[in-house]
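The chain contents come next:
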Amino acid sequence: MKIRTFCLAFVFLLVITSWAFAGVEKVAVKGIDIQRENGEVFVRVLVEVWSQDGGEVYLQLRTDYEGKDFLTLPLRMSCAFPYQTFRFLLRRSDFRRVNLEDGLEEELPEFVAEKNIIAYVYEQKVTTPSGHTEDVKREIAQRGYALRGILAKGTKPIKWKEK
């Protein structure tokens, strides 16, 4: 009887341990570059992800214009290997201010020098409000989704090189 109990406890421990350590283990925003070419501004982002047994995370960039936050849509990074790098190229038009309740969808007018581009990597994207906090429900009503669990952050000030 003791051996059976011990074996069941051991199997239970193995199952719980493997579940707890599955998924994304570490994330790093390795670079944010801002370049202006032919009047167009490009934001390049490099993210490194380490995972065990796969998983997915979400990248979202943010900047400020006249005291208002402009965000990109969440960019999904699906991990199939223990180590992966993800590269993204974004334009000004990818940064938007959205409030679905008010029918607002505004594109970023311009990147402002000395403001920051901030990159966040989140562990979860929530799209259904049931069973969540009021904050999550409010974000879903405003944007159509809510992001939770910051895994990594990177910041880069917007600076234009003099020619």
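Position labels on residues start from 1 in each chain and follow its written sequence. Local features in this predicted model are restricted to residues whose pLDDT is 70 or higher, and side-chain atom pairs enter the listing and the counts only when it is 80 or higher, whereas totals over whole chains, interfaces and linings include all residues. Only hydrogens and water are set aside; all other atoms, that is, all heavy atoms of the structure, feed into the side-chain values.

## Comments concerning the environment of E56
Formally: Under the scheme used here, helices are H or I runs from DSSP no shorter than 4 residues and strands are E runs no shorter than 2 residues, and both carry numbers assigned from the N terminus. Using a 1.4 Å probe on the protein chains alone, a residue whose accessible area is under 20% of its type maximum counts as buried, one over 50% counts as exposed, and one in between counts as partly exposed. The contact definition used throughout considers only heavy atoms, calling two residues in contact when any of these lie within 4.5 Å. Here a polar contact is recorded for every N or O atom pair within 3.5 Å, except that within protein the pair must consist of a potential hydrogen donor and a potential acceptor, and residues adjacent in sequence are included only if both atoms are side-chain atoms.
In this structure, E56 sits in strand β3 (residues 55–65). A residue is classified by how much of its surface remains accessible, and E56, at 31% relative accessible area, is partly exposed. C-alpha separation for the pair E56 and C79, spaced 23 residues apart in sequence, amounts to 5.7 Å. In contact with E56, other than residues within four places in its own chain, are V24, R76, M77, S78 and E123. Side chain to side chain, E56 and Y58 meet in a polar contact 2.6 Å long. A distance of 2.7 Å separates polar atoms of two side chains, one belonging to E56 and the other to R76.

## Remarks on the environment of Y58
Along the chain, the position of Y58 falls in strand β3. Given the relative accessible area of 9%, Y58 is considered buried. Setting aside residues no more than four positions away along its own chain, Y58 makes contact with P74, L75, R76, M77, Y120, V121, Y122, Q124, K125 and L147.

## Description of the confidence of the model for the protein chain
Rules: Per residue, pLDDT captures the predictor's confidence, and it can take any value from 0 to 100.
When pLDDT is averaged across the protein chain, the result is 86; 85% of the residues are at 70 or more. Low pLDDT (under 50) marks residues 5–22, which in the prediction has three contacts with non-local residues, meaning those over four places away or in another chain.

## Some words on the pairing of strand β2 (residues 40–52)
The side chains of a regular strand alternate between both faces of the sheet. What counts, and what does not: Only when DSSP finds a minimum of two bridges between them are two strands counted as paired.
Pairing of strand β1 (residues 23–37) with β2, which is carried by 13 bridges, proceeds in the antiparallel orientation. Following the sheet pairing, E37 is matched in β2 by E40. With antiparallel pairing between neighbouring strands as the criterion, β1 and β2 make up a hairpin whose turn holds two residues, including N38 at a positive phi of roughly 55°. Here β2 runs beside strand β6 (residues 83–91); their pairing, made up of nine bridges, is antiparallel. From the neighbouring strand, W50 faces β6, where its bridge partner is Y83.

## Section: the sheet that holds β1
The line we're drawing: Axis definition: a line fitted to C-alpha atoms, over the contacting stretch in the case of helices. Angles run 0 to 180 degrees between N-to-C directions.
The three strands are arranged β1-β2-β6 in an open sheet whose pairing can be described as antiparallel. Each edge of the sheet is formed by a strand with only one pairing partner; in this case those strands are β1 and β6. For this sheet, the mean angle separating the axes of adjacent strands, direction not counted, is 15°.

## Overview of the pattern of salt bridges
As a reminder of what qualifies: Salt bridges are defined as contacts in which a side-chain nitrogen from Lys or Arg sits within 4 Å of a carboxyl oxygen from Asp or Glu.
In this structure the tally under the stated criterion is 13 salt bridges. Between E107 and R96 there is a salt bridge, and its shortest N-O distance comes to 3.5 Å. With a gap of 11 residues between them, E107 in strand β8 (residues 104–107) and R96 in strand β7 (residues 96–99) connect regions that are remote in the sequence. E139 is the salt-bridge partner of R143, the closest N and O atoms lying 3.5 Å from each other.

## Digging into unusual backbone geometry
Look at D53: it is not a glycine, yet its phi comes out positive at around 65°. Following the sequence through the fold, D53 ends up in the loop between β2 and β3. Backbone geometry at E66 places phi at a positive 50°, although glycine is not the residue there. Turning to its location among the elements, E66 is positioned in the loop between β3 and β4 (68–71).

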